[in-house]
Every structure is written in C-alpha cells, then in structure tokens.
Amino acid sequence: MKVLKLILKNALRHKLRTTLTILGISIAVIAFVLLRTVVTAWYAGVEASAANRLIVRQAVSFIFPLPYAYRDKIAAIPGVETVSWANWFQGVYIDKNQFFARLAVDAETIFNVYPEFLITQSELESFKAERNSCILGQDIAKQYNLKVGDVMTIEGDIYPGKWDFVIRGIYRPRDKTTDATQMLFHWAYVDERMRQEQPIRAGDVGWYIVKIKDPNQSALISQQIDALFKNSRAETKTETERAFQQGFVQSTSAIITSMNVLSFVIIGIILLVLGNTMIMSARERTREFAVFKTLGFSTYHLTGLIGGESLLISALGGGLGLFLAFPIIQGFESFIPKGFFPIFQVEPITVFFGVSAALLIGIIAAVFPIQKALRTSIVEGFRFVG
Amino acid sequence: MSAIISVQNVSKSYWRDSLEIPVLNNISIEVQEGDFLALMGPSGSGKTTLLNLIAGIDKPSKGNVIVAGTDISKLGESALAKWRANSVGFIFQFYNLIPVLTAFENVELPLLLTKLSKSQRKKQVETALTLVGLGERMYHYPKQLSGGQEQRVAIARAIVTDPVILVADEPTGDLDKNSASEILTLMERLNSEFKKTIIMVTHDPHAAEKAKQIRHLEKGDLV
Ligand SMILES: Nc1ncnc2c1ncn2[C@@H]1O[C@H](COP(=O)(O)OP(=O)(O)OP(=O)(O)O)[C@@H](O)[C@H]1O
Ligand SMILES: [Mg+2]
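Undergrad: Explain the sheet that holds strand S1 (residues 3–16) of chain B to me, using residue names and the numbers behind them.
TA: Hydrogen bonding along the main chain pairs the strands of a sheet, whether they run parallel or antiparallel. All names here are of chain B. Here we have four strands laid out as an open sheet, ordered S2-S1-S4-S5, and antiparallel in their pairing. Edge positions in the open sheet fall to strand S2 (19–32) and strand S5 (70–71), since each of these has one partner strand only. Sheet topology places S1 next to strand S4 (residues 62–67); five bridges connect them, and they run antiparallel. For Val-7, the partnering residue across the bridge sits in S4 and is Val-65.

Printed below as a string of structure tokens:
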C-alpha cells in the first residue's frame, strides 16, 4: 500500500536521473541478450549434430581432399550403414556478400545421411535424375524468392567457371536446430567437369559423411577408418559430427570466450550504474532516513524502501531492455549474412538470465546504501549535511 | 503533579577517534507532567544532546533517563524505536517533512506503524491537521507551503499519535516573527488545552517566555 507509493514517489524524485539509469540498464540488457544470442547461435551447430554420423577428413587439414577410392573401403567396415561425401564448393552467388553453404554432394545418399532435411519423394527423384539440378534450403529459397524450376548461376572460385543449377526441390528443416540454408548439388556433375578442365583434381572428395548403425561404436569405427589409411598418401582424421563441430567452435573459442566475458562485464556495468544511482539517492535522503527512524520505522522498513526502489528501477530497465531486444536482434540478424548462423534466435534461457541478472543487480545495488542507512545513527543523520 | 521525566546523573560524551568530547556533565533534572519547559543556552552547550537523550534518539554515556516509568537508557534499539513511536512527538527546527509526501501523508506516516484502519487513520490525520489550522491544505506538498505552515504540519505529525511528551528543538529558529508567534501560541495551546508535557530548546527569549519554566545549560552543566 503506502510503502509502494512512497517507493514510486522516491524513484520519480529525480526524473532525469532515474530515466537515464533505466535507459542505461536497458541498453546493457540489450547488449547482454545480443551477445548471449550470438554465443548460443555459435553452439547451436554442436547441439544440432547427430551422434551417429562420422566425419572423415584429411588428417593434416580440412582443405586437402581425400581420394574417391576411400569410399568403398570405408563402406566395407562392419557397422557402417551409408557412406556419403561432400565438397565445399563456395563460389559467388549474385555478389560476395551472399554467404550460404554451397556444397557438391552425393545425390544418391546425402538425404539418407541427413534425415533432418525433409524433402518430398518426387522432388528427390527429379533431383537425382537431373545432373545439373540442385536442392535448396527453405530459408535461402525464401530469402532470394526462388522456387522450383528457377536457375541459380554461381560464379565458381574453387571450381572456376560459370555454373548453372536448376532448382528441383526445396528442403524443409525437421526442427529449429536444423540448418535450412544450404544449397546442395551433384558431386558427380562437378567432378565430371573437373575431369575435363583440371584432370588432376578429378575424384577429389572434401570429406566423407559416414552413417553408422550404432552410435556407441563411433570411437571404434573412427579408429578403424583412420587405421585403414594410416601411412597412405592421404591419412584421415575421423570424428563424430559433434566432435567435429566442437572443433570448429573451439577454433573460434577466443572470440566466444571474449563474448562470454563481455556479457558478464556488461552485468558488472549495470551494477555500477544502478549502484551509483542508489548510493546517490540514499545519500541525499540521509536526513529523511533519520526522520523515519525517529518516528519508529524499523530496519525492515528502510530495507524495503531502499531495496524496493532499486528493484523497481532494475525491473523497469530490464523489462524495457528485453522488450527492445527482440526487434533489435531481428534487425541485427538481417545484417549478418544468411546462413552464417544457421539458427539465430533469443533462447528462453537468455531471457531468463537477463531477467534474473537485472533483479539480482537490483538487490545487490541496494546492499551498500541499505547498510549505510542502517548504520548511520539518528543523531548522525540529523547532523549530516549533504 | 508527578515527575514524568527524570534525568538522573546523566553524562554524555562523543568520541572523535580517540579524543573524548564531553558534552553533558552529570546532569539531573525532573520535568513534571503537564509542564512546559524551555531549555536555553549558548550554541554548543549541549541543549540538543540533552533533548535527544530525553526523546530516546540517543543514549547517555552514564546515568539514567526515565520517562513515564520506563528507563529508556536500558532499552535495546528496536524496543526504543517502538517506545518512541508510542510516547514521543518530535518537532525540529527544519521541519523535516518528507518532500514527496503531501501534508496529509506526512502526518499519516507515524500512524502507519499502528494497527489503525485506513478510515481511522484518515479521521485522526484530519483532526490533527485541523487542530493546527491546516484543514484546507491537507493535499499540499511541503514545497507548496510556507515555513510556518510546514512547521504546523510537523506539529500535526508530532501529535497525531497522541504521545506523552513533545520535544521541540528550536521550532521557531527558521521562522519570521509572525509565523514564530503562531507556532508558539499553538504549542502553548497544546500544553494548556491538551495537557501535553513539552520540552522546547530555544535561543529566543520571547519564545522561552511562553514556557512555564526556563532552564539554562552552560558548557554541559545546568545552571
Ligand atoms: N554526534 C556528535 N559527534 C561529535 N560531536 C558532537 C555530536 N553531537 C554534538 N556534538 C558536539 O557536542 C556539543 C554540543 O552539541 P549540541 O548540538 O548538543 O549543542 P546545542 O546546545 O544544541 O547547540 P546549538 O545551539 O548550536 O544547536 C557541540 O560541541 C557539538 O559539536
Ligand atoms: Mg542544537
């Protein structure tokens, strides 16, 4: 009742200061949510990866190819269900800023090893039947307003020349962690043209994707595959897709770590902003607190008065920040190249952390002023000159 | 008449680091129920300090302060706070109203600690504000009132809980002559009509004249 009214009136005493504090907190919350969202987006790839898929790559570096001949040898290992493969094609679509994965894949098997890419039977059949056709992720189709039958022209760089692909299907993601931003076309088509133009690169495979029957055997089968090509011209490194993704994330870990650190630095900044405001206003009210105590108000009342004001400001700042974070993150998303982060959205846990952090800060920022107010005796309070 | 306030051999020192600053030296004084006592003396003589001890917002270094049968020098902090809320009304030189609250809300403040219902509180606040002549200004904020009016709101706040004693520290110190005389008339009335025991610290001999009894403090001693 009355106390709430008093808290509100106290908070509005310095309207500009309170407004600036609330804005400061909300900007910090926006930055926090944005950073956390980027970090989660980074890890989403790891989350999305399947445990029953192994990735076989060249041991020295990802950029070196593997021979096509490995395919049958891998397929012969017991426990291996399907062997598929892919090459990083890259190329330029429209201009260099259009970034999404363009991969040359084995048309026969790719949708078996990636069951999370949903496609109709008829689309799959017409894709398999036409060598220069492609399948497009739903998000990319939507972004570039492309439909089945359209032709996409890619200016090759790793695979020089002009490449035309006719769209024969649009795949849908099975769930929200599925990447719906890939463009997939026939490895055989690319390989055939390479055979004519740069025969030395014919039969190059970027990496193999091995679907195994039992995920528990992933370590064993990985060892067997690598043992098979030990001391050969192209040794392999096989790991689960999850480990592979983690490796990728780890290679960028300095960035992620700094983002993580930064998101907590931001929480520290909010704390300082609010703490400063609370200390200033409590200091100005030293005399009033002495009056309250003189009239018989207790520790509990003063704690409620100061803590309540601090919480009110932090809740308003946090609420405003979250409210603005969603449209801002949407705006931000439109600036990052499509497909750079397959999944980019504010997770509920981020919202939860944002809210709890704001409230926790509301409490912590009040601790010092409350302590001060309680420690100051009435006589000292009345003698205080601001 | 019996002694409602009994200050017995009270000494008070403040400490600044390791330096002892003696303020009151073994003071004893009794105030009878219904009395109106003026405390005078030069600046720094310890008037405020003595008043604070009697009102229970400070504690003596030595000696006892007994008010209406309670030895308040023996009470703990929260018991003392409860005692103050029930027994003492405070009037300060600088009014000490809460600026964000209206006259009504300021006067209501001490009643929030009681069990009174909202309508009972309202009735009591209105009575107190009418008594000090501010029945028409209940919803004004302190900054919309003159100094004299602010002090009258403070007096209403002091009497709204119907305390045993009223303490006033230079209640007219910040007021012009006319406002000061209005405040003094009001205090006289509280003493004669409502039988409040009042202790008032003042520098002003005219103010002291209104009291029934005048005592002087000089460097921590009653003379
Ligand atoms: N909390 C305190 N800490 C240190 N010294 C104090 C404290 N309170 C009062 N004093 C000192 O005690 C002495 C008496 O102070 P007090 O306020 O009681 O005087 P006073 O008679 O009310 O003076 P004035 O007429 O100026 O209000 C002064 O020298 C003052 O500096
Ligand atoms: Mg004084």
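Undergrad: Can you lay out the site of ligand 1 for me, pointing to particular residues and giving the numbers?
TA: Contacts to ligand 1 come from 15 residues, most closely from Ser-43, Gly-44, Lys-47, Thr-48 and Thr-49 of chain B. Residues near ligand 1 are shared among chains A and B, making this a multi-chain site. Within the side chain of Thr-49 of chain B, one N or O atom sits 2.5 Å away from an oxygen atom of ligand 1. In the complex, the protein chains occlude 75% of the 630 Å² of accessible area that ligand 1 would expose alone. Of all the secondary structure elements, the ones that give two or more residues to the shell around ligand 1 are helix H14 (378–383) of chain A together with S1 and helix H1 (47–55) of chain B. The leading source of residues in the shell around ligand 1 is H1 of chain B, at three residues. Classifying every residue of the shell around ligand 1 gives four nonpolar, seven polar and four charged.

Undergrad: I'd love a proper account of a nonpolar patch on the surface, names of residues and values included.
TA: Residue and element names in this part refer to chain A. Residues Leu-16, Leu-20, Leu-23, Ile-27, Leu-320, Phe-323, Leu-324 and Ile-328 make up a contiguous nonpolar surface patch of about 780 Å² in total accessible area. Among the elements of the structure, helix H2 (15–48) and helix H12 (299–333) are those that each provide at least two residues to the nonpolar patch. Inspection of the secondary structure assignment puts Leu-320 in helix H12.

Undergrad: Describe the pattern of salt bridges, and please don't skip the residues or the numbers.
TA: All names here are of chain A. On inspection of all chains with the given rule, the structure shows 24 salt bridges over all chains. Between Arg-53 and Glu-116 there is a salt bridge; the shortest N-O distance is 2.6 Å. Taken together, the positions of Arg-53 in strand S1 (residues 53–58) and Glu-116 in the loop between helix H4 (110–113) and strand S6 (117–118) put the pair 63 residues apart, joining distant regions of the chain. The pair formed by Arg-53 and Glu-116 is uniform in burial state, with each residue classed as buried.

Criteria and cut-off values
- Residues numbered from 1 in each chain as written.
- Chains lettered and ligands numbered in written order.
- Predicted model: local features only at pLDDT ≥ 70, side-chain atom pairs only at ≥ 80, totals over all residues.
- Heavy atoms only, no water.
- Pairing = 2+ DSSP bridges.
- Helix = DSSP H or I, 4+ residues; strand = E, 2+ residues; numbered from the N terminus.
- Near = heavy atom within 4 Å.
- Polar contact = N/O pair within 3.5 Å; in protein donor to acceptor, adjacent residues only side chain to side chain.
- Areas by Shrake-Rupley, 256 points an atom, 1.4 Å probe, with all protein chains shown as cover.
- Nonpolar A, V, L, I, M, F, W, Y, C, P; charged D, E, K, R; others polar.
- Patch = residues over 30% accessible without salt bridge, like charges linked within 9 Å, V, L, I, M, F, W, Y side chains within 5 Å.
- Salt bridge = Lys/Arg side-chain N within 4 Å of Asp/Glu carboxyl O.
- Buried < 20%, exposed > 50% of the residue type's maximum accessible area, 1.4 Å probe, protein only.

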